[in-house]
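This is what each chain is made of:
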Amino acid sequence: GLRSALVKTRGLEVADMAEDIQVKEVKDLTRIERIGAHSHIRGLGLDDALEARAVSQGMVGQCPARKAAGVITRMIKEGQIAGRAVLIAGQPGTGKTAIAMGMAKTLGEETPFAMMAASEIFSLELSKTEALTQAFRKAIGVRIKEETEIIEGEVVEIQIDRPATAGAAAKTGKLTLKTTEMETIYDLGTKMIESIQKEKVSAGDVIAIDKAVGKITRLGRSFARSRDYDAMGASTKFVQCPEGELQKRKEVVHVVTLHEIDVINSRQQGFLALFSGDTGEIRPEVREQINGKVAEWREEGKAEVVPGVLFIDEVHMLDIECFSFLNRALESDMAPILVVATNRGITRIRGTNYKSPHGIPIDLLDRLLIISTTAYSERELRLILDIRCEEEDVEMTEDAKELLTKIGAETSLRYAIHLITAASLVCMRRKGAEVDIEDISKVYSLFVDVKRSAQFLLEYQEQFMFSEIENAPTDSAPMET
């Protein structure tokens, strides 16, 4: 039951190789991507020798950190490490999450990559350990291989007999398919006739029929009909007439995560729970049973385990119970690679009164490979702002970019990036073609950065409620900015 439920899950996505190609094409056309903080990142920007290029795939600077991340991704791809943990540590705005995103893009869609913020653990519905276990299981994939029978050929003729009065009898029909070596006539039932009409299959099309599901996929027009090109359209794809037997066996590979298998098997309507996200607590017996089943498939050669990556951002927000759970979970043989990021220095471990580097207990720090990120130089800031301007589709003069770079160096990179779209809106308001210095200075005065806001608070603290600093001189008050 477990295996068939899985196949049902993934049957939606991959009926056969040809269908998969078509689905991907459609997705690319219809996907509307919103511009996010890291939407410009397409990889780690490394060459084949894992050397970091200065500017590549949306990444700028941080060469030692990117090279280290590249070594980790290479080891993940080769499946050499499991249960290892990596900490990306650095001050705010130095590209820690960007490096994690670059790792996800480099690993590709085949390797599971689960991202979460540490605060997500503290939900009311799930216990902390259950939420962490689910996150771990989301980051472990199972690649399941199975063979399906496919009929592939060129349509020679379709005959559909419609009854004289509607609804009097079922529709019947015959479908003639051929390859380069053979030709066969198939009788069609009502469902197949509907599928053929829905796909608008006509004589001369090359089609693939999945026998298990009964799904028909048009692969294209046969080259024999290419002389009718003028009557078709520019988008028509021509393919060769299939060779050999009409019936072929194809190996289809599905990649599902252990968490998806858990959810499907944890309750009656588990399949629907996958889409609604209402998973609830999953009993340990279910997980043990699934682990046993997956181990069985591995021995039979039906499946292989793909250890993925679990990325936890702001890891200092976890408490001591979560850290001790991570210590234990990393020793399991079914553990993914854990990548965590934090911007804290020596701070208190949540749930205790002890202080520790990065707010992580020393015993867990000992298990981590630590990658540190450094502050960007002014030149690197300029390159990042160039990339962001291009990503947000904003035309900006050189002088304005210079000014924005200076603002970024004095305040923070995030503040400078936020000003790009705001300045572009001000520019549109005055009907300008390019964002100029006046637009940048306008938004700089409209939106204050942290330092100016703190200064404002110090000057006017009496007017604010619950002001903590009493009778402190305005210039020397201890203030964390």
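Scroll up to find the structure this text is about.
Conventions and cut-offs
Residues numbered from 1 in each chain as written. Predicted model: local features only at pLDDT ≥ 70, side-chain atom pairs only at ≥ 80, totals over all residues. Heavy atoms only, no water. Pairing = 2+ DSSP bridges. Helix = DSSP H or I, 4+ residues; strand = E, 2+ residues; numbered from the N terminus. Axes fitted to C-alpha atoms, helices over the stretch in contact; angles between N-to-C directions. Contact = heavy atoms within 4.5 Å. Buried < 20%, exposed > 50% of the residue type's maximum accessible area, 1.4 Å probe, protein only. Right-handed = clockwise from strand over helix to strand, strands pointing away. Core = buried A, V, L, I, M, F, W, Y, C linked by side-chain atoms within 4.5 Å. Salt bridge = Lys/Arg side-chain N within 4 Å of Asp/Glu carboxyl O. Polar contact = N/O pair within 3.5 Å; in protein donor to acceptor, adjacent residues only side chain to side chain. Patch = residues over 30% accessible without salt bridge, like charges linked within 9 Å, V, L, I, M, F, W, Y side chains within 5 Å. Areas by Shrake-Rupley, 256 points an atom, 1.4 Å probe, with all protein chains shown as cover. Lys, Arg positive; Asp, Glu negative; His and termini not counted. Charge placed at Lys NZ, Arg CZ, Asp CG, Glu CD.

Asks: Before we go on, may I ask you to explain the sheet that holds strand β17 (residues 368-372) in this structure?
Replies: By way of backbone hydrogen bonds, the strands of a sheet pair with one another, either parallel or antiparallel. Ordered in space as β4-β13-β14-β3-β17, the five strands form an open sheet in which the pairing is parallel. In this open sheet, the two strands that pair with only one neighbour each are β4 (113-117) and β17. When the angles between neighbouring strand axes are averaged without regard to direction, this sheet yields 20°. Here strand β3 (residues 85-89) runs beside strand β14 (residues 337-342); their pairing, made up of five bridges, is parallel. The partner of Ala-89 across the bridge, within β14, is Thr-342. Against the sheet, helix α4 (residues 96-107) engages β3, β4, β13 (309-313) and β14, with an angle of about 160° to β4.

Asks: Looking at this structure, how should I read the pairing of β14?
Replies: For a regular strand, side-chain orientation follows a simple rule: the groups alternate between the two sheet faces. With six of six residues buried, β14 is to be regarded as a mostly interior element. At this point the chain moves from β13, through helix α10 (residues 320-329), to the parallel β14, and the crossover so formed is right-handed.

Asks: I would appreciate a short explanation of the pairing of β13 in the present structure.
Replies: Burial analysis of β13 places five of its five residues in the buried class, which makes it a mostly covered element. In this sheet, β13 lies alongside β4 in parallel orientation, the contact comprising five bridges. When the bridges of β13 are listed, Met-115 appears paired with Phe-311. Note: β13 against β14, four bridges, orientation parallel. In the strand pairing of β14, Phe-311 is matched with Val-339.

Asks: I'm lost on the nonpolar core in this one. Help?
Replies: Within soluble globular proteins, side chains that are nonpolar generally end up buried alongside one another. Membership of the largest hydrophobic core comes to 29 residues, with the highest contact counts inside it found for Leu-310, Ile-312, Leu-318, Phe-323, Leu-326, Leu-338 and Ile-360. Breaking this core down by element, the ones donating at least two residues are β3, β4, α5 (128-138), β13, α10, β14 and α11 (362-365). Every residue in contact with Leu-338, bar those within four places of it in the chain, is listed here: Arg-84, Ala-85, Val-86, Leu-310, Ile-312, Leu-326 and Leu-330. Formed by 24 residues, the second largest nonpolar core is a distinct cluster that contains Val-394, Ala-400, Ile-417 and Leu-419.

Asks: Is there a simple way to explain the pattern of salt bridges in this structure?
Replies: Any two side chains of opposite charge can pair, on the condition that their charged atoms come close. Summed over the entire model, instances satisfying the criterion amount to 28 salt bridges. In this structure, Asp-449 and Arg-452 form a salt bridge, with 2.6 Å as the shortest nitrogen-oxygen distance. A relative accessible area of 7% places Asp-449 in the buried class. According to the relative accessible area criterion, Arg-452 is partly exposed, its value standing at 25%. Salt bridges here are not isolated pairs; linked through shared partners, they connect Arg-382, Asp-386, Glu-398, Lys-401 and Glu-402.

Asks: How do you make sense of α10 when you look at a structure like this?
Replies: Because each turn of an α-helix spans 3.6 residues, side chains separated by three or four positions in sequence point in the same direction. Taken together, the buried positions of α10 are occupied by Cys-322, Phe-323, Leu-326, Asn-327 and Ala-329. Buried residues belonging to α10 abut α5, β14 and α11.

Asks: Please clarify how the side chain of Arg-382 should be interpreted in this entry.
Replies: Locating Arg-382 in the fold gives a position in helix α12 (residues 378-391). In this structure the side chain of Arg-382 is engaged in a polar contact, spanning 2.6 Å, whose partner is the side chain of Glu-398. Among residues more than four places away in sequence, those in contact with Arg-382 are Glu-398, Lys-401, Glu-402 and Thr-405.

Asks: How should a negative patch on the surface be read in this particular structure?
Replies: Together, Glu-390, Asp-393, Glu-395 and Glu-434 make up a negatively charged patch on the protein surface. Positionally, Glu-390 belongs in helix α12. Residue Glu-390 is classed as exposed on the basis of its relative accessible area, which comes to 68%.

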